[in-house]
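Observations on the three-dimensional arrangement
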Amino acid sequence: MRLATVARDCLYVHWLLPRALAPSLPAPLRYEVHAHGGAPYVFASAQWFQVDSLHASTMPLLRASYPQLNLRLYAFDDDGVPSVYFPRLLVPLWITPAARLLARQPLEAAHFRVPAPTPSVDPALDGASSMAPRRWLVRRAETLSLIAAPAVRGNFDRAVPWVDPTRHLRRRIRGYVPWGASGVRAIRTWHPSAASAPAQPMDVEMTCVDLLASTFGVDDSLWLHPHGACLCAEIPVAFDLMRLPRVAPAPAPTPTPAAASRTGASA
């Protein structure tokens, strides 16, 4: 099934997560690891956006619009392609049954409080805007909330060896969501303008991070200081849904008689 929408007011917030603290990824995914200060790190993100007129190619007149929050980890799949793993996808309660049926994704119901659409930014202000700070909030059993305002550069740490980490993290066409006890479902996306879409740097103050701490299993203190954030006004997106074969763990090797003898001797 192919679905299409326009993601509006896409707020990306990124964190550097020590590799040793990162949760396990389901097979066949493996982390994209980056050196930072001599230590290995991975990226985690929260992405808020407004799903605008989501529809299936076979049912163009049936459309839905609603806010969504994706929690993201960045990985390589078994083809070595940079991909995104979505441990959680949250949407409002009223859309959950229909969105699950249409998108066939493990969507969770949550309460949203999102700001009004973003006013245009005056280029003469060098990326800054008169827009006042605005609040984003999502609540399920736990809460994630923040206050964000436009900034000239944003709070990116330039020690990471890219000119623009946000462009790097948006340039991905493969996504994976949890499916079943240990499997994943693949999502192939088409958003040719995603990496090049104008991005307004944002300064972010995290006001509640319980949802991040419970999802990723990492202490609250790490999430209070994002690596960076930006806001994209709109990104057209189309995506296909497909089922990946379940990847079973490799069986343990059968010990040879000689190995068993050595094991018994050492015991």
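Here's what I pulled together on the structure shown here.

What counts and what doesn't
- Residues numbered from 1 in each chain as written.
- Predicted model: local features only at pLDDT ≥ 70, side-chain atom pairs only at ≥ 80, totals over all residues.
- Heavy atoms only, no water.
- Core = buried A, V, L, I, M, F, W, Y, C linked by side-chain atoms within 4.5 Å.
- Buried < 20%, exposed > 50% of the residue type's maximum accessible area, 1.4 Å probe, protein only.
- Contact = heavy atoms within 4.5 Å.
- Phe/Tyr/Trp six-rings, centres within 6.5 Å; stacked < 30°, edge-to-face > 60°.
- Helix = DSSP H or I, 4+ residues; strand = E, 2+ residues; numbered from the N terminus.
- Lys NZ or Arg CZ within 6 Å of the ring centre and 35° of its normal.
- Polar contact = N/O pair within 3.5 Å; in protein donor to acceptor, adjacent residues only side chain to side chain.

**A few points about the nonpolar core**
Judged by nonpolar contacts, the single largest core of 41 residues is most densely connected at Trp48, Leu69, Leu144, Leu146, Leu212 and Trp223. With near-sequence residues (within four places) excluded, Leu146 lies in contact with Leu11, Val13, Trp48, Arg134, Arg135, Trp136, Val204, Glu205, Met206 and Thr207. Counting 27 residues, the second-largest nonpolar core is a separate cluster that includes Val51, Tyr66, Val91 and Cys232.

**A short note on the packing of aromatic side chains**
Following the criterion strictly, the structure yields 2 aromatic pairs and no others. Ring geometry for Trp15 versus Trp223: centroids 5.4 Å apart, planes at 80 degrees, classification edge-to-face. You can see Trp15 sitting in strand β1 (residues 2-18) and its partner Trp223 sitting in helix α4 (residues 220-223), a full 208 residues away along the chain. According to the relative accessible area criterion, Trp223 is buried, its value standing at 0%. An aromatic cluster is defined as three or more aromatic residues linked by ring pairs; in this entry it consists of Trp15, Phe216 and Trp223. When the ring centre of Trp179 is taken as reference, the NZ or CZ atom of Arg185 above it lies at 3.9 Å.

**Structural notes on the environment of Thr96**
One can find Thr96 in helix α1 (residues 96-103). Classification of Thr96 by relative accessible area gives buried; the value is 3%. For Thr96 and Glu108, which are 12 residues apart along the polypeptide, the C-alpha to C-alpha distance reads 6.9 Å. At a separation of 2.9 Å, a polar atom in the side chain of Thr96 contacts the main-chain carbonyl oxygen of Pro92.

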